[in-house]
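Next come the chains, spelled out residue by residue.
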Amino acid sequence: MIKAPGEVRDMVEVVVSEFEPHLWSEGMTPFEVLISTVLSQKTERRGTRRAFLHLKKGLGINPTALARADEDAIAELIKPAGLYRSKAPKIKAIALSVLELYGGDLTAVLELPEQEARVRLMALPGVGPKTADVVLSFVARKAVLPVDVHIFRIAERWHAVGKEARYEEVRAALESAVPPEMRLAAHLALIEFGREICVARKPKCSICMVNAVCPSAFTF
Ligand code: SF4
C-alpha cells in the first residue's frame, strides 16, 4: 500500500534531522552547476569532483570556452567521470546552446516562473528533468525536490510510490509530502541517507532510524 504524504513527511523529517547537508554548489555559477550535474550522471561524488576540477583548470567552465573546445580535449579532462565519451559532446552542445540562446548567461532563464524555467532548461541538449531540477533547486532556489538514483530507491522502499513509478511521479509524491521550505534539505539528506544507510545492496536496516515504519525493513 502507498504511504500517505504525512507518513512520508515524518520519515523525511527524521532523515533530515540526522544528516548534515552537503551544499556542493556553493560559489559556483549557474553554468558550472549545470555542467557539474551532467558530470555527476552515473558517477560517484569523487569522480564528479575530480572531472569538474580538471575541466575547470584545463579549459574553464563557461559557455565560451567549452563551445570553442575540442570534444576530445573535453573528454580527456573529464575522464574521472563515468561515460566521459558521451558526456563530452553533450557538454559542448550545452555550451553552444547557452551561448546562442542566452548569450552565455542563464540568469534570465532562472528568473522565469518555475515551470517555464524548467522547460527552457530541458530544451538544452542532454538536459533531463533531474539535471533541470538540480539547477532550479540549487541555483534558482525554486521549491522543487530533485530525484536522484538514491532518492528513487528510497521512495520505492518506503512505498511513497508504486514499483514502476517514473521520475515525475516520484518527484510529485515527494513534493506533496515535503513542504517547499524543506525540499532542498530533504534532497541533500536523502542522498546521504541513501549513500550511508539505505544503500542499493544490503541496506543497513538494523541501524536505520526509520526501520520501525519502513515497509521494506529487513526484507533483503
Ligand atoms: S529500514 Fe532498511 S529499507 Fe527501510 S529505509 Fe531503512 S535501510 Fe532502507
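The preceding data block contains the structure.
A few points on the structure. Quick caveat, the model's predicted, so the values are computed rather than measured.

**A few points about the overall build of the chain**
In terms of regular secondary structure, the chain is built from 12 helices and 0 strands. The helix and strand sequence of the chain, counted from the amino end, reads α-α-α-α-α-α-α-α-α-α-α-α. For a compact globule of 220 residues, the expected C-alpha radius of gyration is about 17 Å, and the chain comes in at 18 Å, within 12% of that figure. Within the chain, the proportion of its 220 residues that are buried is 50%. The contacts in the chain between residues at least 6 apart in sequence include a share of 64% that link residues at least 24 apart. Looking at the chain as shown, the accessible area adds up to about 10900 Å², and 55% of this sits on carbon and sulfur atoms.

**Comments concerning the site of the ligand**
Every residue near the ligand is listed here: Arg-157, Trp-158, Phe-193, Cys-198, Pro-203, Cys-205, Cys-208, Val-210, Asn-211, Cys-214, Ala-217 and Phe-220. Assessed atom by atom at 2 Å from the grid points, the ligand resides in the largest cavity. Looking at the shell around the ligand residue by residue, the class counts come to 10 nonpolar, 1 polar and 1 charged.

**Section: the environment of Ala-200**
Here Ala-200 is to be found in the segment after helix H12 (183–196). Residue class for Ala-200 comes out partly exposed when judged on its relative accessible area of 49%. Taking the C-alpha atoms as reference points, Ala-200 and Ile-154, 46 residues apart in sequence, are found 9.2 Å from one another. Sequence-distant contacts of Ala-200, defined by excluding residues within four places in its chain, comprise Arg-153 and Arg-157.

**Some points on helix H3 (residues 45–58)**
Here H3 is 14 residues long and its end C-alpha atoms lie 20 Å apart, about the 20 Å a rise of 1.5 Å per residue gives. Among all positions in H3, only Gly-47, Thr-48, Ala-51, Phe-52 and Leu-55 are buried. Projection of H3 onto a plane perpendicular to its axis shows the buried side chains occupying an angular sector of 130°, all on one side. Along H3, exposed side chains directed more than 90 degrees from the buried face belong to Arg-46 and Lys-57. In this structure, the buried residues of H3 make contact with helix H2 (30–40), helix H4 (63–68) and helix H5 (71–77). Of the residues flanking the end of H3, it is Gly-60, one or two places downstream, whose phi is positive at about 90°.

Conventions used here
- Residues numbered from 1 in each chain as written.
- Predicted model: local features only at pLDDT ≥ 70, side-chain atom pairs only at ≥ 80, totals over all residues.
- Heavy atoms only, no water.
- Helix = DSSP H or I, 4+ residues; strand = E, 2+ residues; numbered from the N terminus.
- Rg over C-alpha atoms; globule rule 2.2 N^0.38 Å.
- Buried < 20%, exposed > 50% of the residue type's maximum accessible area, 1.4 Å probe, protein only.
- Contact = heavy atoms within 4.5 Å.
- Areas by Shrake-Rupley, 256 points an atom, 1.4 Å probe, with all protein chains shown as cover.
- Near = heavy atom within 4 Å.
- 1 Å grid on protein atoms, 1.4 Å probe; cavity = no way out; pocket = protein on both sides within 12 Å on 5 of 7 lines; lining within 4 Å.
- Sits in = over half its atoms within 2 Å of the grid points.
- Nonpolar A, V, L, I, M, F, W, Y, C, P; charged D, E, K, R; others polar.
- Expected span 1.5 Å × (residues − 1).
- Arc of directions from axis to C-beta.

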